[in-house]
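Listed below are the residues making up each chain.
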Amino acid sequence: MAVLERTADAIPQPGLLVWLTSVDHKRIGKLYLTSAFVFFLFGGMLAQSIRLELAVPGLQLTDAEGYAQLFTMHGTIMMLLFATPAAAGLANYFLPLQIGAADMAFPRLNALSFWLFLLGALVVLSGYAAVGGPADIGWTGYVPNAEKTYSTTAGTDLWLIGMALMGFASILGSVNFITTVLTSRAPGMSMFRVPIFTWNVLVMSVLILFSFPVLTGALIMLLADRRFGATFFMPAEGGDPILWQHLFWFFGHPEVYVVILPFFGVISEIIPVFSRKPLFGYRFVIFATILIGAYSFSVWAHHMFVTGVVSLPFFSIATFIIAVPTGIKFFNWVATMWRGRLSFETPMLWAVGFLFIFLFGGITGVILGSPPIDFAFHDTYYVVAHLHNVLIGGTVFAFFGAMYFWFPKLTGRRLSERLGRIHFGAWLAGFVLTFLPQYQLGADGMPRRYADYPNDPTWVVLNQLSTAGALLLAVGTLPFIAAVVLALRHPPDQPADPWEANSLEWATTSPPPEHNFRTIPPIRSERPVFDARMAAAAARAAAVDDGEIPGP
Amino acid sequence: MRRLRGLLGFDEPQETKFFLVIAGWGIFVAIVYWFVAYEPAGTVLLGGLGLASAVVAARLVIAARASGVHQEAAERRASQEVQDAEADLSSAGTGGVDTPFAAMGRIPDPSLAPLAVGLGVALIALGPVFGIAPVALGVVPFVWGAVLWLGAARDEFDATVELDPSAGTDTIRR
């Protein structure tokens with residue numbers, strides 16, 4: 001079939017100017033992914049510094065101020081310079097391909113979103129060049145700690161400006177994603193034939209559209225406090241510090257789903273392919289995604305239980321309820337695998353790893369949704385372990401799964417299975433070793449965001465285990481980098497559909513031509529490529545029966 | 001009954017229903033939250049979510065009405081058989097995706113405009129920290145990029161109208 005054949009018009013290797021001027025969603029997607037991964041490595045180095053500092057009691061590498069800067073920049077980088085743009089990168093590259101579009105609805109706006117993101121990220125990082133160093137206020141920027149009185153470095157102002165620029169970029173990007181899904185679908189692709197990954201990106205974009213303006217407004221208010229004498233959050237001047245927490249978490253909790261939902265989509269793409277079954281309950285998964293998005297706006301103040309000024313029953317019940325649609329998704333993923341013809345290539349390994357790690361994060365999150373337990377665990381290492389279970393399980397594992405799964409489409413090359421398995425094994429072991437001890441540390445009452453801790457033998461051992469795990473995670477990343485470098489040294493050789501997958505991106509060449517498709521197969525279900533493959537197989541069988549072609 | 005269905009948005013396309021559901025959810029939770037917590041910040045945020053989503057839904061409804069999509073047409077489009085038949089008719093040409101997009105002006109040419117505008121905005125945003133200097137520096141790429149952007153958009157619009165005169169009138173009417 002024409003749509004499944006490989007063509008020779010792979011995109012030529014472009015020069016720097018081509019990347020600077022490109023409005024092609026595929027190049028912009030690659031720019032997002034590359035930038036995000038570079039920031040991921042930098043954020044990971046900061047995490048290693050944190051773990052090395054905590055390997056033994058006392059201050060080794062830095063002082064309390066430097067430690068505050070370390071965890072502030074680590075959190076900011078991982079949430080907003082890695083996870084969010086990584087999701088945006090995958091969405092940029094694959095959303096138009098999955099719906100049969102030639103590009104995003106607003107290609108130039110798409111490029112502007114990327115440049116605003118990158119420049120915003122560089123503004124945040126430029127705090128390292130500021131007198132006093134980068135921001136030291138935590139990625140949550142709580143006031144009055146973030147006010148000028150307590151955080152004197154200009155790095156904090158740069159953090160606020162950079163975050164606002166990135167927020168603006170995300171809003172523009174979300175408008176683009178929503179418009180593209182609503183207006184650029186190929187003929188036959190009704191909303192209930194849209195691939196699950198694209199559905200998740202759509203819901204993510206709605207979350208961004210309604211939550212990031214709140215953050216951007218709050219950042220500007222805080223900048224006005226710090227630079228122009230405003231008093232929005234200064235209690236001594238009549239301001240309200242709790243208002244910051246409301247505004248931040250009204251963005252912050254949906255932000256968790258902003259970074260996780262697209263990766264839920266990735267998992268929903270990978271599992272059916274390597275189970276050789278359609279996704280169990282396609283429509284249920286969509287409704288669960290919408291429910292998660294809607295509920296995510298009603299749980300923000302479970303981060304504020306200990307302030308004593310929020311409704312505990314309301315937010316506690318809402319937090320318990322949001323576990324239900326997530327549970328539906330888990331059920332559907334497991335039911336998809338049930339009695340499937342499972343094969344465990346590297347993408348599937350990461351998907352199963354995701355299920356394991358994220359499930360832990362979900363369960364420990366429900367526990368924290370209970371106010372009496374939250375009062376005990378708040379600001380302890382239990383919370384650190386929980387959020388890493390959610391965010392590393394929910395984004396990093398799925399991100400690596402997506403890379404192994406879609407790398408052939410991105411580049412026409414396949415990543416090494418052998419290196420991928422080593423990478424996965426190191427990360428699974430490293431993750432468990434790093435964060436399981438932290439649950440115990442949290443239960444023992446070790447507070448987070450402190451550079452030092454008492455010389456208790458149990459705490460020392462648990463911290464050293466955690467540091468060893470972190471080092472394993474760092475070393476375990478090397479096979480992935482090696483796999484990418486080795487793959488890129490070879491010419492593209494992958495067919496259009498190396499995995500025998502389902503959605504429309506596999507109907508075009510690897511990598512796709514400039515306008516994405518020469519022809520698109522008829523779209524009669526949410527699995528048009530599977531349908532086309534079956535139709536081709538049926539036609540071949542009929543031809544064999546008729547004697548037009550020789551049988552196998 | 002038919003009127004009620006229309007008022008509740010049951011006959012609207014899926015994407016409109018999607019935003020209507022979010023609008024309904026936001027407003028519902030805002031009301032519940034107010035009577036549970038009597039807390040203004042959260043109530044305003046939730047109400048704002050509902051209203052903002054309602055604005056998007058209203059825009060989609062108005063756009064559908066303005067482009068002549070009345071109820072029967074919406075129902076007809078919702079029918080999967082008709083959709084499939086339309087897809088069959090277009091499958092030879094794949095809905096136009098094999099048309100040279102650049103010639104139709106549907107995909108812009110590569111341009112430095114987005115980078116220039118982004119650089120300008122980023123430099124201007126540094127004003128609160130570094131004073132007037134970055135603002136003055138940022139205005140240059142911002143204006144240059146904006147002019148480049150608008151000029152290219154105008155050229156593409158003209159090219160589109162030249163290839164398909166109805167596209168221009170449609171855009172103007174909207």
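Only a predicted model underlies this, so the values are computations on that prediction, with no experimental measurement involved. (Residues numbered from 1 in each chain as written. Chains lettered and ligands numbered in written order. Predicted model: local features only at pLDDT ≥ 70, side-chain atom pairs only at ≥ 80, totals over all residues. Heavy atoms only, no water.)

**Here we look at the overall build of chain A**
- For chain A, the helix and strand inventory stands at 15 helices and zero strands.
- Dimensions of chain A, computed from the C-alpha atoms along their principal axes, are close to 85 × 50 × 45 Å.
- When burial is assessed residue by residue, chain A has 64% of its 552 residues classed as buried.
- Here the contacts in chain A between residues at least 6 apart in sequence split such that 81% fall between residues at least 24 apart.
- Working note: accessible area of chain A is about 18800 Å², and carbon and sulfur atoms make up 69% of it.
- Computed over 30 positive and 32 negative side-chain charges, the inter-centroid distance for chain A is 9 Å. (Helix = DSSP H or I, 4+ residues; strand = E, 2+ residues; numbered from the N terminus. Buried < 20%, exposed > 50% of the residue type's maximum accessible area, 1.4 Å probe, protein only. Contact = heavy atoms within 4.5 Å. Areas by Shrake-Rupley, 256 points an atom, 1.4 Å probe, with all protein chains shown as cover. Lys, Arg positive; Asp, Glu negative; His and termini not counted. Charge placed at Lys NZ, Arg CZ, Asp CG, Glu CD.)

**What about the side chain of Ser151(A)?**
Residue and element names in this part refer to chain A.
- Considering the arrangement of structural elements, one finds serine 151 in the loop between helix H4 (107-125) and helix H5 (154-183).
- Given a relative accessible area of 1%, serine 151 falls into the buried group.
- At 2.8 Å, the side chain of serine 151 forms a polar contact with the side chain of aspartate 136.
- Of note is the side chain of serine 151, whose polar atom sits 2.7 Å from the side chain of threonine 156.
- Beyond its immediate chain neighbours, meaning those up to four positions away, serine 151 contacts Asp136, Ile137, Asn145, Ala146, Thr156 and Arg226. (Polar contact = N/O pair within 3.5 Å; in protein donor to acceptor, adjacent residues only side chain to side chain.)

**Let's talk about the confidence of the model for chain B**
Residue and element names in this part refer to chain B.
- On average, residues of chain B carry a pLDDT of 77, and 67% of them reach 70 or more.
- Across chain B, element-level confidence peaks in helix H7 (residues 113-125) with a mean pLDDT of 97 and bottoms out in helix H6 (residues 101-104) with 42.
- Note on residues 89-105: pLDDT is under 50 here. Beyond four places in sequence and across chains, it has 25 contacts.
- Interface confidence for the predicted complex, given as ipTM, is 0.90, next to a pTM of 0.90. (pLDDT = per-residue confidence, 0-100.)

**Description of the packing of helix H8 (residues 282-295) of chain A against helix H9 (residues 312-337) of chain A**
Residues and elements named next belong to chain A.
- At a minimum axis distance of 9 Å, the contact between H8 and H9 shows a crossing angle of 155 degrees. Of the possible angle classes, the one that applies to H8 and H9 is roughly antiparallel. Seen from above, H8 lies across H9 with left-handed handedness. Residues Phe284, Val285, Ala288, Thr289, Leu291, Ile292 and Tyr295 of H8 form the contact with H9, whose own contacting residues are Ile321, Ile322, Pro325, Thr326, Ile328, Lys329 and Asn332.
- Here the residues of the contact of H8 with H9 sort into ten nonpolar, three polar and one charged. (Axes fitted to C-alpha atoms, helices over the stretch in contact; angles between N-to-C directions. Parallel < 35°, antiparallel > 145°, perpendicular 65-115°, else oblique. Left-handed = near helix turned anticlockwise from the far one by under 90°. Nonpolar A, V, L, I, M, F, W, Y, C, P; charged D, E, K, R; others polar.)

**Quick look at the side chain of Asn176(A)**
Residues and elements named next belong to chain A.
- Inspection of the secondary structure puts asparagine 176 in helix H5.
- With a relative accessible area of 0%, asparagine 176 lands in the buried category.
- A polar contact of 2.8 Å, which involves the side chain of asparagine 176, links it to the backbone oxygen of phenylalanine 106.
- Apart from residues lying up to four places away in sequence, asparagine 176 is in contact with Met104, Ala105, Phe106, Leu109 and Asn110.

**Focus on the packing of aromatic side chains**
Residue and element names in this part refer to chain A.
- The tally for this structure, following the rule as stated, stands at 67 aromatic pairs over all chains.
- Between phenylalanine 233 and tryptophan 244, the ring centres sit 5.5 Å apart and the planes meet at 80 degrees, which makes this aromatic pair edge-to-face. Of the two residues, phenylalanine 233 is situated in the loop between helix H6 (196-228) and helix H7 (241-275) and tryptophan 244 in helix H7; the sequence distance between them amounts to eleven residues. With respect to burial, phenylalanine 233 and tryptophan 244 carry one shared label: buried. (Phe/Tyr/Trp six-rings, centres within 6.5 Å; stacked < 30°, edge-to-face > 60°.)

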